[in-house]
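Notes for the structure review
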Amino acid sequence: MIEFLPLVMFAAVFAALLAGYAVAATLAGVALLFAFGGAAFGVFDLKDLGFLPGRLFGIVTNQTLIAVPLFVAMGVTLERTRIAETLLESLSVLLGRVRGGLGIAVTVVGMMMAASTGIVGATVVTLGLLSLPTMLRHGYDPRLATGTICATGTLGQIIPPSIALVLLGDVLSSAYQQAQLGLGVFSPKTVSVGDLFAGALLPGLVLVGLYLGYIAVTALLRPERAPARRDPESTDGPPAVPLRQLIRGLAPPILLIAAVLGSILAGFATPTEAAGVGAMGALLLAVAYRALSWSVLREIGAATVKTTSMVFFILIGASVFSLVFRGYGGDELVAGIFADMPGGVLGATVIVMVVIFLLGFLLDFIEITYVVVPIVGPVLLAMGLDPVWLGVMIAVNLQTSFLTPPFGFSLFYLRGVAPPEVATLDIYRGAAPFIVLQLGLLALLALAPGLAPWLPGVLY
């Protein structure tokens, strides 16, 4: 019975989270209760907790994690400018002449917002407020309109630079080194956040292409669901968008994406350095748009500190949990369970992906990244999986969970800003085809495992 205590501890954490307790406090609190309780019964050595100060010092001095507050600051800053609004207005007028054009415009804008902010909630809310009323006013099917916005908003999970990829890259880097040391490789290779950014870029663009293709086919076969934009003030169709307005809408996000993502992929800057460039660039854009004041700057600072504190608090709690989990021999237990699974590495990978998908119904991606991935990551990587491929698979899987009813966070974000006439069932039904497309991408990555590691191999 004692050997199964790590699984009991994991179940206790899961039960406490479902009961509504704070994530970071739950992770650390349950772990310490099991540690002291195990010490009282002589089944846990409290000396293992002596490694905790070193782990916490490693967290606060981790150069990679410095990118988190910088990317958050960049996203929050862009959220308070009119960049997305100007871009959406320009593209909707330009593409609105054709059936499905508004949906295509929303997808393109969402892709650019994902590549410049990486914050799912902000993207969904912004697109919902700006584009949903326009799409409904021009006759779009509420299911297609809401599904497009929800799915496009989740692109911030997979298209770099993404906060989810930064956190996942840091966890997988530690897991990869641990797996190699366990195999007797004492000069372990490393996998960086930059590798994961490069690996996720091509699958992210493939997913955008699937979204655009679905909207285009729907507009072709069911034109009443995605009609062309109607302009009641003109009999000649929608007015042409001025070139100056189009450039003003397109140039800022493209320049910011090029400065941040381009510098990483080209090898000129680390993700942390590029995040600093992005944060400063977002502030300069806010100044250029005359949207930066002392009150807005205080809001940006407060939001950045709040989000960053949450991330690091969870990371500290997860470190305590993983330390006690391994002190009970949890890593050996998980490795033994995976080794005994039918199908070998394939069966183990499928089980992990199903578990992550189901946990995504209830837990946030940060919680899954810090609780589940450190446990299963070293075992799967020791079985020979490519770390970039595994990271992209997990990221796409977590992205899918944002859309899955009834607890998909993206669905909740849009429900909060959608007009009353849009039914919740319409939002759920609208997300269903996009869930199928994301599962299709997972299948494609499984059948063509070289798709994700290809670009990092070419660049690095």
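Our subject is the structure listed above.
Below or above, wherever it landed, is the structure these notes cover.

**As for a nonpolar patch on the surface**
Together, Val-345, Leu-346, Val-350, Val-354, Leu-358 and Met-383 give the surface a local cluster of nonpolar side chains, amounting to about 480 Å² of exposed area. Tracing the backbone through its elements, the reader meets Val-345 in helix α15 (residues 344–359). The class of Val-345 is partly exposed, set by a relative accessible area of 31%.

**Details of the pattern of salt bridges**
Enumeration over the complete set of coordinates arrives at three salt bridges. The salt bridge involving Asp-141 is made with Arg-143; its shortest N-O contact spans 3.2 Å. A relative accessible area of 12% means that Asp-141 is categorised as buried. We note a salt bridge from Arg-222 to Glu-224, for which the minimum N-O separation is 2.8 Å. For Arg-222, a relative accessible area of 40% translates into the label partly exposed.

**What about the packing of helix α3 (residues 52–60) against helix α13 (residues 294–327)?**
Packing of α3 against α13 leaves a shortest axis separation of 10 Å and a crossing angle of 145 degrees. Classified by chirality, the crossing of α13 by α3 is right-handed. Residues Leu-52, Arg-55, Leu-56 and Ile-59 of α3 lie in contact with α13, whose contacting residues are Phe-312, Leu-315, Ile-316, Ser-319, Val-320, Ser-322, Leu-323 and Arg-326. A breakdown of the residues in the contact of α3 with α13 according to their chemical character gives eight nonpolar, two polar and two charged.

**Comments concerning the side chain of Thr-152**
Residue position: Thr-152 is located in helix α8 (residues 142–153). Classification of Thr-152 by relative accessible area gives buried; the value is 0%. Setting aside residues up to four positions removed in sequence, Thr-152 forms contacts with Val-106, Thr-107, Gly-110, Met-111, Leu-127 and Tyr-211.

**Section: the packing of aromatic side chains**
Under the defined criterion, the tally for this structure stands at five aromatic pairs. The interplanar angle of 40 degrees and the centroid separation of 5.0 Å between the aromatic rings of Phe-44 and Tyr-328 together place this pair among those described as tilted. With Phe-44 in the loop between α2 (23–40) and α3 and Tyr-328 in the loop between α13 and α14 (330–339), this pair connects stretches of sequence that are 284 residues apart. For the residue pair Phe-44 and Tyr-328, the accessibility class agrees, reading buried in each case. Relative to Phe-325, the ring of Phe-321 lies with its centre 5.8 Å away and its plane at 25 degrees, an arrangement referred to as stacked. Taken together, the residues Phe-321 and Phe-325, both in helix α13 and four residues apart, mark about one turn of the helix. Overall, Phe-321 belongs to the buried group, its relative accessible area being 1%.

**Considering α15**
Look at α15: 23 Å from first C-alpha to last across 16 residues, which is about the 22 Å you get at 1.5 Å a residue. Where α15 is concerned, the buried positions are Gly-347, Ala-348, Thr-349, Val-352, Met-353, Ile-356, Phe-357 and Leu-359. Elements in contact with the buried residues of α15: α1 (5–18), α14, α16 (365–371), α17 (373–382) and α18 (387–401).

**Looking at helix α10 (residues 193–221)**
Here α10 is 29 residues long and its end C-alpha atoms lie 42 Å apart, about the 42 Å a rise of 1.5 Å per residue gives. Helix geometry: α10 is bent most strongly at Leu-201, by close to 30 degrees, with proline Pro-203 lying one to four residues after it.

The rules behind the values
Residues numbered from 1 in each chain as written. Predicted model: local features only at pLDDT ≥ 70, side-chain atom pairs only at ≥ 80, totals over all residues. Heavy atoms only, no water. Patch = residues over 30% accessible without salt bridge, like charges linked within 9 Å, V, L, I, M, F, W, Y side chains within 5 Å. Areas by Shrake-Rupley, 256 points an atom, 1.4 Å probe, with all protein chains shown as cover. Salt bridge = Lys/Arg side-chain N within 4 Å of Asp/Glu carboxyl O. Helix = DSSP H or I, 4+ residues; strand = E, 2+ residues; numbered from the N terminus. Buried < 20%, exposed > 50% of the residue type's maximum accessible area, 1.4 Å probe, protein only. Axes fitted to C-alpha atoms, helices over the stretch in contact; angles between N-to-C directions. Left-handed = near helix turned anticlockwise from the far one by under 90°. Contact = heavy atoms within 4.5 Å. Nonpolar A, V, L, I, M, F, W, Y, C, P; charged D, E, K, R; others polar. Phe/Tyr/Trp six-rings, centres within 6.5 Å; stacked < 30°, edge-to-face > 60°. Expected span 1.5 Å × (residues − 1). Bend = angle between axes of the 7 residues up to and from the residue.

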